[in-house]
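Architecture and fold: a report
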Amino acid sequence: MKSDQQISKKVKLSCRNVWKVYGDNPCQFFSKGSHLDGETSVLSKDISDNGHIVANANVSFDVHIGEIFVIMGLSGSGKSTIVRCLSRLVKPTAGEIFLDDENLLEKSDKELIDIRRHKMGMVFQNFGLLPHLNVIENIAFPLKLQGLKEKERIKKAERVIELVGLTGRENNFITELSGGQQQRVGIARSLAVEPDVWFLDEPFSALDPLIRKQMQDEFLRIQSIQKKSVVFITHDFQEALKIADRMAIMRDGQIVQIGEPVDLILSPKDHFVREFTKDVPWESVLQATDIIDESKKISETAEQVPFDMPVAKMLHLLSKKSLGVAVIDSGGKKIGMATAQSFVAALATAET
Amino acid sequence: MRSAILEKKTLIWIGIILITITFLIFKEELDWLTQYPKELIIPFSDWINFLMDKFIYKFGWLFLNVSWFLSWPINAAQWFLHSLPWVVVIFLVTIVAYLSVGLRLALFTLCATFYMVLIGYWEESMNTLSLVIISVPMAVLIGFGLGVWGYFSKRAEKIIMPILDIFQTVPTFAYLLPILLLFGFGTVVGLIASILYSFPPMVRNTILGLRRVPENIIESAIMSGADAKQLFWQAMLPSCKKQILLGVNQSTMAAFSMVIIAAIIGGTADIGWEVLYYIRKAEVGQSLVVGLVIALMAIIIDRITSGFAIKSDQAKRGRGLQKNTKINYLNFAVLGCVILFILSRFFALLDDWPYNLSAWLAVHINDLFDAFVESFRSEIKLIKNFTLFFIMLPTKIGFQQAVSPFTWGFQLETIHKILYFACFLITSLLFLKNKKSEFFVFTLLLMIFMYVGLTEMPWPALLIIYSFFSWQIGGYKLALGTFFGLTFIVVVGMWPEAMISVYICGIAVVFCFIIGTSLGVWAAHNTIVSVILRPINDTLQTIPLFVILIPFVMLFKIGDFTALLAIIIYAIVPSIRYAEHGIRNLPSEVIEASKMMGATTMQIVFLVKVPLAMPIIMLGLNQTIMYGIAMLVIAALIGTNGLEQIVFIGLTDGNMGKGFVAGISMAIIAMIVDRITKTISEKRSEALGFKIK
């Protein structure tokens, strides 16, 4: 899942220099595109000194087709606001947002409704289900809004109900379901319109730890079938590691670092990122490809492991083979050797 | 923090007290101090009368046409309800009751409606019902429309809210006269008055409901691709259906009580008029028999409408099945109606009940009451005299006049006076020594008040005291409001009457607050008490005000004391409810923590629970005052002397200006007290750091 080979590098959704400022007159700070020059944090401080609240400051990133892009941050870091800017529930104060190379900020309300009806799906932390509708009516709600006939709605909704494993619960009312089941309804509803882009705003944060883990696996399973372009918001670093293809860490409305989970762990950009990464069990994050010893010659007889094998699973092998193992890429070609020593070396670099 | 010398505000209070004493000393010489000079009274009421005359002269035809137009639906509804045989109506109402709540309400409804038939007041009841049936949908539509507008537009809300305040605080009688003058006599006055009185709760509930729609429901609907209309009708409105239906319930109850009150102008031949007729003729038994009809109608209407509101919130299984049962009920209802209708063609008894049991019942009730009064004559007199001589009179005219050989059994001598002042002064100084400056000031003020009496206090002194008190509570805005509001009452010459209203209401409120809050606290700890109190409270809150008067008139005849009792019994309800609610909903950790510190039950109640529940208890006080004022207005019927009586006389004499000015004066008092108590409550809850639910 975490391989970039399955993900084409084509950009699906992209945001450029997005600012969101709350206050009496937030536009005054962006009159001449002034946010583009100067240090982000300087301008940001300037704005908050003027009695305004900066929710997002100069945020830019791309989401590629079929990838899971996770935005991770603590509460108040602006991660919820940025996902609302992307889905245009909130209008950014400045910047650009492109979906399939079309600027969402230039769209009229009517066009936006149309985009939401066909291209976007969103899952909410507190589910946002309608209490007066039962399970299948909730899931078919977006289809109803599009004006689809009841038969067609039910047919489409049945399909996603099966996908999220709620078959048999169609006629239950929302209040009769557990939290995990309610979020399954939320997920099904967001997928009912077969969107390209899938937003998930802390979808599992309101659930118990055990259910949360279950739902994460469930989510990965669904995504492996659906292959949407996903923007996933979370405050849980472990959750981010588990599901992210790439992730961004946010603080004070700004993006601190973007990269694959392993990049963040191996080379945290600053003290703040390191705070998150330091408790991570390395062997579960590092993959075979991360501990290759460049100086060692590739041995033809050595045992082979795939490049994306978690190091945790290799420990047994490494402890026995003093010469190390050969790492092969997806084509079967040997790309380097990994040894117990190189593993310890990788740990040593990460630790400092 | 506090300096050794007196605080600034205490110094100001001492200054005010000195001024008051000076005023009192020069009272004899300067009589404008007690009596605002007649020459200076602004003839506000004459102006209003003049303007109204002009207005009616110019536009009267317009309103008469509206009146003519509106009389059609009423006539149609009356015709319809009259042409249906009573068995059919009872059958229909019972089925609705069953659908709304269940078997128990259905049985209750059956018995209650059958009672209406038996005592021979079916026709009058249907007249009342037809007015309600026509006015409620109009009030609900207007209220809903304004509510939605107010929700979406901040500016609209700013205009709508004060208007609602005015509509709900101006005494109900004061509504009637302008409407009467504009629309002419007849049922239409009742209709319009009840619409005006009953749309505000709908507006409030609509706005509240829409505001409470969770943000994530709105967001998820938008992300599902809802446009503005779909968002409102398919997501927001269904999510706040319960609140909106509660608004319908409140509007219906308000409409019903206003229809009953509107009976006072007559010409409607409805059930309210009958009750009033018998109250005025002092035929208490008969008025109770008929008054019971009103109470029963109110309870049925309330339970049915609130039942639908509560049901809307419950999850239901298997919608398909429900659709079928709905159709079954409909078939059953139609079939039953047809059968009963045909039956009634053959048995005239089922169409028109020929007997009238009310006279027979009334005689027995009268006998019963007479026997009761006879055997407890001395006790009743004792209670009445005790309250009058020792509580009401001193508050009204002060000890200096209230204490006489006839009342207290002795003359007020110098030695008594010295003792009185000495006691109060020593107590106040003790408070001062303990740095309780609020109590110090309060004791001194109480000493002066109780000696002089509320109605004998110089008005400038009261004006200063009230204004400064408001300033302490809510800053200069509240103080200015208080000052100008009270000044208005002074300059239109309504001050003496206003003070009489304040005196009766004040005693009632103090009593309600002490007893009611204690009962509430008790009920919060004792389920049996709670279970006993709940239906009593429900009933008292549901039945229209002037039915409550009847039993008290029977026992104590007319007068201030009867009015006081009626106010107490009605206004005590919110004090009980809020106290119980406040105590029951405290965060349990705090109570557990104090238990673990070894607090006794009593310590927990008085040192933890009551202080923490204070913001909510204060809201209860606020509601008690509002209820008290509402009941006071109705108590004018049994002869009180305050503002409410002027409103009432204005109505019966057709002097709109006078009645209206008095009505506004009452509204001013109500609003000032409302703001003050609410501010205290908000400040307390802010200090405690939690929001009131």
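Residues numbered from 1 in each chain as written. Chains lettered and ligands numbered in written order. Predicted model: local features only at pLDDT ≥ 70, side-chain atom pairs only at ≥ 80, totals over all residues.

The next subject is the overall build of chain B. On a plain count of helices and strands, chain B comes out with 29 helices and zero strands. The C-alpha atoms of chain B give a radius of gyration of 28 Å, which matches the 26 Å a tight globule of 693 residues would have. Out of the 693 residues in chain B, the part that is buried amounts to 42%. The contacts of chain B with a sequence gap of at least 6 include a subset with a gap of at least 24, amounting to 78%. (Helix = DSSP H or I, 4+ residues; strand = E, 2+ residues; numbered from the N terminus. Rg over C-alpha atoms; globule rule 2.2 N^0.38 Å. Buried ≥ 20, exposed ≤ 12 C-beta atoms within 10 Å, placed from the backbone. Contact = placed C-beta atoms within 7 Å.)

We now examine the overall build of chain A. Secondary structure assignment for chain A yields 13 helices and 14 strands. Overall size of chain A, expressed as C-alpha extent along the three principal axes, is 65 × 55 × 35 Å. The buried share of chain A, taken over its 352 residues, is 43%. When contacts within chain A are restricted to residue pairs at least 6 apart in sequence, long-range pairs at least 24 apart make up 68% of them.

Right, let's talk about the domain arrangement of chain A for a bit. All names here are of chain A. In terms of domains, chain A is made up of domain 1 (11-119 + 195-280) and domain 2 (283-351). A separation of 34 Å is found between the C-alpha centroids of domain 1 and domain 2. Facing six residues of domain 1, the contacting portion of domain 2 comprises six residues. Here the residues of the side of domain 1 that touches domain 2 are counted per class, giving six nonpolar, no polar and no charged. (Domains from an automatic or database assignment. Nonpolar A, V, L, I, M, F, W, Y, C, P; charged D, E, K, R; others polar.)

Here we take up the sheet that holds strand β8 (residues 229-234) of chain A. Residue and element names in this part refer to chain A. In space, the six strands of this open sheet follow the order β6-β7-β8-β3-β9-β10, with mixed pairing throughout. Looking at strand neighbours, the two that pair on one side only are β6 (120-123) and β10 (254-259), the edges of this open sheet. This sheet shows a mean twist of 15° between the axes of neighbouring strands, independent of strand direction. Pairing analysis gives five bridges linking strand β7 (residues 197-201) to β8, with the strands arranged parallel. Bridge pairing in β8 places W198 opposite V230. Helix-sheet contacts for helix α6 (residues 179-191) involve β6 and β7, and the interaxial angle to β6 is about 170°. (Pairing = 2+ DSSP bridges. Axes fitted to C-alpha atoms, helices over the stretch in contact; angles between N-to-C directions.)

Right, let's get into the sheet that holds strand β11 (residues 292-293) of chain A. Strand pairs in the sheet, formed through backbone hydrogen bonds, run parallel or antiparallel to each other. Residues and elements named next belong to chain A. Strands sit in the order β11-β14-β13-β12 across an open sheet of four strands; the sheet is mixed. Of all strands in the sheet, those bounded by a partner on one side alone are β11 and β12 (304-306). Where β12 lies against strand β13 (residues 325-328), three bridges are found, and the strand directions are parallel. Bridge pairing in β13 links V305 to V327.

For interface size, the figure often reported is the accessible area lost on association. Residue and element names in this part refer to chain B. Split by domain assignment, chain B resolves into domain 1 (46-371) and domain 2 (500-688). One C-alpha centre belongs to domain 1, the other to domain 2; they are set 25 Å apart. Looking at the side of domain 1 that touches domain 2 element by element, the count peaks at nine residues for helix α13 (residues 284-311).

A few words on the packing of helix α22 (residues 495-525) of chain B against helix α27 (residues 601-635) of chain B. Residue and element names in this part refer to chain B. In contact at an axis separation of 9 Å, α22 and α27 are set at 140° when each is read in the N-to-C sense. Here α22 and α27 pass one another in a crossing that is right-handed. Residues S501, I504, C505, A508, V509, C512, F513, G516, T517 and V521 of α22 lie in contact with α27, whose contacting residues are V605, V610, I617, G620, L621, T624, I625, G628, I629 and L632. A class-by-class count of the residues in the contact of α22 with α27 yields 14 nonpolar, six polar and no charged. (Left-handed = near helix turned anticlockwise from the far one by under 90°.)

To continue, consider the nonpolar core. I139 of chain A together with L176, A508, I567, M631 and V647 of chain B are the most contacted members of the largest nonpolar core, which has 265 residues in total. Among the elements that make up this core, the one with the highest residue count is α22 of chain B (18 residues). The next biggest cluster of nonpolar side chains, apart from the first, holds 14 residues, and it includes L286, V305, M337 and F343 of chain A. (Core = buried A, V, L, I, M, F, W, Y, C linked by C-beta atoms within 7 Å.)

With that settled, the discussion passes to the interface of chain A and chain B. Between chain A and chain B, the residue contacts involve 23 residues of the former and 19 residues of the latter. If you list the elements that add at least two residues to the side of chain A that touches chain B, you get α3 (109-118), β6 and α4 (135-145) of chain A. For the side of chain A that touches chain B, a count of residues per class yields 11 nonpolar, eight polar and four charged.

As for its position among the elements, W282 of chain A is in helix α11 (residues 282-285). When the C-alpha atoms of W282 of chain A and P310 of chain A are compared, they prove to be 9.6 Å apart, with 28 residues separating the residues in sequence.

With that settled, the discussion passes to the pairing of strand β14 (residues 334-338) of chain A. Residue and element names in this part refer to chain A. Inspection of the sheet shows β11 paired to β14 by two bridges, in the antiparallel sense. Considered in β14, the bridge of I292 is made with A338. Pairing of β13 with β14, which is carried by four bridges, proceeds in the antiparallel orientation. Paired with V327 across the two strands is G336, which belongs to β14. Linkage of β13 to β14, two consecutive antiparallel strands, is achieved through a turn of five residues, within which G332 is found at a positive phi near 90°.

With that settled, consider the confidence of the model for chain B. All names here are of chain B. The predicted model of chain B averages 87 in pLDDT, with 96% of residues at 70 or higher. Of the regions scoring below 50 in pLDDT, residues 317-321 engages in three contacts with residues more than four places distant in sequence or in other chains. The complex prediction reports pTM at 0.83, with the ipTM value standing at 0.82. (pLDDT = per-residue confidence, 0-100.)

Before going further, it helps to examine unusual backbone geometry. Residues and elements named next belong to chain A. Of note, the phi angle at E202 is positive, near 45°, even though the residue is not glycine. As for its placement among the helices and strands, E202 is situated in the loop between β7 and α7 (209-226). Accessibility expressed as a C-beta count within 10 Å gives 20 for E202, which makes it buried. You will see that K227, though not glycine, has its phi angle at about 55°, which is positive. As for its placement among the helices and strands, K227 is situated in the loop between α7 and β8.

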